[in-house]
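The chain contents come next:
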Amino acid sequence: MMSKCAGQISLTQQRLCNYPTVCFLLGISLAETTSGWTYGHSETTMNWTMARQWCQTSFTDMVVIQSQEENDYLVSQLPNRKKSPYYWIGITKTHKNETWTWIGNNSTWIGEHSWAPNEPNNNHSTEFCVEIYVNSYANRGKWNDEKCANSKYAVCYHAQCNSASCERGRCQETINSTTCLCEPGFKGDRCETAEQCPVLNQTDFRSGRMNCSHPTGLHSYNSTCEFRCDEGYKLIGEDQIRCNHSGQWTASIPVCTAVECPPLPQPENGYLSCSGGNQVFNTTCQFKCQLGHLMIGLSTVTCGVSGVWSGPRPIFLVIFYYFTKFFHFFPHFIPGTFAVRFSNLLFIRKLVSSLSINYEF
Ligand SMILES: [Ca+2]
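Everything quoted here is computed from the prediction, not taken from an experiment.

### Some words on the overall build of the chain
Scanning the chain from terminus to terminus reveals six helices and 23 strands. Taking as baseline every contact in the chain between residues at least 6 positions apart, the subset at least 24 positions apart corresponds to 51%.

Right, dumping it as structure tokens:
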């Protein structure tokens, strides 16, 4: 039941009546208090603008209703008035073509079923404020649009929400409690916990480095991780991912794959031997001649960090095949084998320098 300040009041009501001057001079009465909404009303009537000012001075503001349940609860807490059972509530508009809007934009409830029959009728063309009936008749708890200059009782609320109510969200007053409406990416009674994404470990990212920043908590909303591959590796995937408001990473963890050089085919008239299976970064390949051939170019090439071999592959020229074959099987036939081979080599070098040799790599 509603109780007046001057009467017996609860502890919570007493806290609200820490302003005895206001209580007694203005005749404030308090609704039954809860940990959420606390209602109050005036004992005198006034126009809508003055009623709102009075609410803002004595409480938080004119009452805002967010649901039919709140509407019914409010009515149950206000005293019936036989002679003039009308209280201003905090929904209004400034022009007949506007839609009805709650003060402070704190409610989007339209209240279609709360209007009394045939209301709102804008009977006087300027009925831009709303009263609620608190009586014992059929229209109890229903609304009527009225001229704002008319005098009604003020019904107000005292907010329980404060700046510390919700860490990362908006505090909403409800019957018997307050509710935190959390910003995207946060949860918990006070929106104190950031949504968490699956934990990423460095071991999940091989051949590279992962650097993460965590503004709201480890691997939580808005955490970002950047990825860089070691030298000789290239990144497959996104180089940066972020933990979104749903607790999901914006992309999968990327992969570092070794840079590969173009495959080297086995040379004609020569041999190719590489240090690894795949011709990837740092692989060294060595070329050797077949018997009776001369190698022109580098005998060893290495796969570089950018996927390019350190030099062109060599070419192999046939040199006096049968001649060298002969000395291979009969090295004793002409004395001084080394000298003969050396003289042949000089001859071939002269020959090569006199030719224009084109080769591709
Ligand atoms: Ca009306």
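### A few points about the pairing of strand S5 (residues 86-92)
Along S5, six of the seven residues are buried, which leaves the element largely enclosed by surrounding structure. Two elements, S5 and strand S9 (residues 152-158), share two bridges in a ladder whose sense is parallel. Considered in S9, the bridge of Trp88 is made with Ala154. Here S5 runs beside strand S6 (residues 101-102); their pairing, made up of two bridges, is antiparallel. For Ile91, the partnering residue across the bridge sits in S6 and is Trp102.

### Structural notes on the sheet that holds strand S22 (residues 300-302)
Backbone hydrogen bonds hold the strands of a sheet together, and the pairing may be parallel or antiparallel. Spatially, S19-S20-S22 is the arrangement adopted by the three strands of the open sheet, whose pairing is antiparallel. Looking at strand neighbours, the two that pair on one side only are strand S19 (270-274) and S22, the edges of this open sheet. Direction aside, neighbouring strands of the sheet carry axes that sit 20° apart on average. Relative to strand S20 (residues 284-289), S19 runs antiparallel, the two being bridged by five bridges. Among the inter-strand pairings, Tyr271 is bridged to a residue of S20, identified as Lys288.

### Brief notes about the nonpolar core
Counting residues in hydrophobic clusters, the biggest one holds 30 residues, and the most contacted among them are Val63, Trp88, Ile89, Ala154, Val155 and Cys156. Elements represented by at least two residues in this core include exactly helix H3 (48-58), S5, strand S7 (129-133) and S9. When sequence neighbours within four positions are dropped, the list of residues in contact with Trp88 reads Trp48, Ala51, Met62, Cys129, Glu131, Lys152, Ala154 and Val155. Counting residues in hydrophobic clusters, the runner-up holds nine residues, among them Cys182, Ala194, Cys197 and Cys243.

### Observations regarding helix H4 (residues 68-77)
Looking only at H4, the buried set comprises Glu70, Asn71, Leu74 and Gln77. Considered in projection along H4, the buried side chains sweep an arc of 130° and stay on one side of the axis. The secondary structure elements touched by the buried residues of H4 are strand S3 (38-46).

### As for the confidence of the model for the chain
Here the chain averages 81 in pLDDT, while 77% of its residues score no lower than 70. Every residue in residues 1-34 scores below 50 in pLDDT, and together they form 52 contacts with partners more than four places removed in sequence or on other chains. For residues 351-361, every residue scores under 50 in pLDDT, and the model assigns this stretch nine contacts once sequence neighbours within four places are set aside.

### Concerning the environment of Glu131
Relative to the assigned elements, Glu131 resides in strand S7. A residue is classified by how many C-beta atoms lie within 10 Å of it, and Glu131, with 23 of them, is buried. Between the C-alpha atoms of Glu131 and Thr92, which are 39 residues apart in sequence, the distance is 9.9 Å. Ignoring anything within four residues of it in the chain, the contact list for Glu131 reads Tyr86, Tyr87, Trp88, Trp143, Asn144, Glu146 and Lys152.

### Some remarks on H3
For H3, the complete set of buried residues consists of Trp48, Ala51, Arg52, Trp54 and Cys55. Relative to the axis of H3, the buried residues are bounded by an arc of 160° and lie together on one face. Among the structural elements, S3, strand S4 (61-62), S5, S7 and S9 are those in contact with the buried residues of H3.

### A word on the sheet that holds strand S14 (residues 208-213)
Pairing is antiparallel in the open sheet, where three strands are placed in the order S14-S15-S17. Across the chains shown, the open sheet's two edge strands, defined by having one partner strand only, are S14 and strand S17 (240-242). Pairs of neighbouring strands in the sheet enclose a mean axial angle of 20°, with direction left out of account. Both strand S15 (residues 224-229) and S17 contribute to a ladder of three bridges, which runs antiparallel. Bridging across to S17, Thr224 finds its partner in Arg242.

### What to know about unusual backbone geometry
Cis geometry is adopted by the peptide bond preceding Pro120, which originates at Glu119 and carries an omega value of -5°. Structurally, the position occupied by Pro120 is in the loop between S6 and S7. A positive phi is found at Ser207, a non-glycine position, where the angle reads about 60°. Residue position: Ser207 is located in the loop between strand S13 (193-194) and S14. Since 15 C-beta atoms lie within 10 Å of it, Ser207 is described here as partly exposed.

### A closer look at the environment of Tyr271
Examined against the element boundaries, Tyr271 turns out to sit in strand S19. Using a count of 12 C-beta atoms within 10 Å as the deciding quantity, one classes Tyr271 as exposed. In this structure, Tyr271 is in contact with Phe287, Lys288 and Gln290, ignoring residues within four places of it in sequence.

Each value, and the rule that gives it
Residues numbered from 1 in each chain as written. Predicted model: local features only at pLDDT ≥ 70, side-chain atom pairs only at ≥ 80, totals over all residues. Helix = DSSP H or I, 4+ residues; strand = E, 2+ residues; numbered from the N terminus. Contact = placed C-beta atoms within 7 Å. Buried ≥ 20, exposed ≤ 12 C-beta atoms within 10 Å, placed from the backbone. Pairing = 2+ DSSP bridges. Axes fitted to C-alpha atoms, helices over the stretch in contact; angles between N-to-C directions. Core = buried A, V, L, I, M, F, W, Y, C linked by C-beta atoms within 7 Å. Arc of directions from axis to C-beta. pLDDT = per-residue confidence, 0-100.

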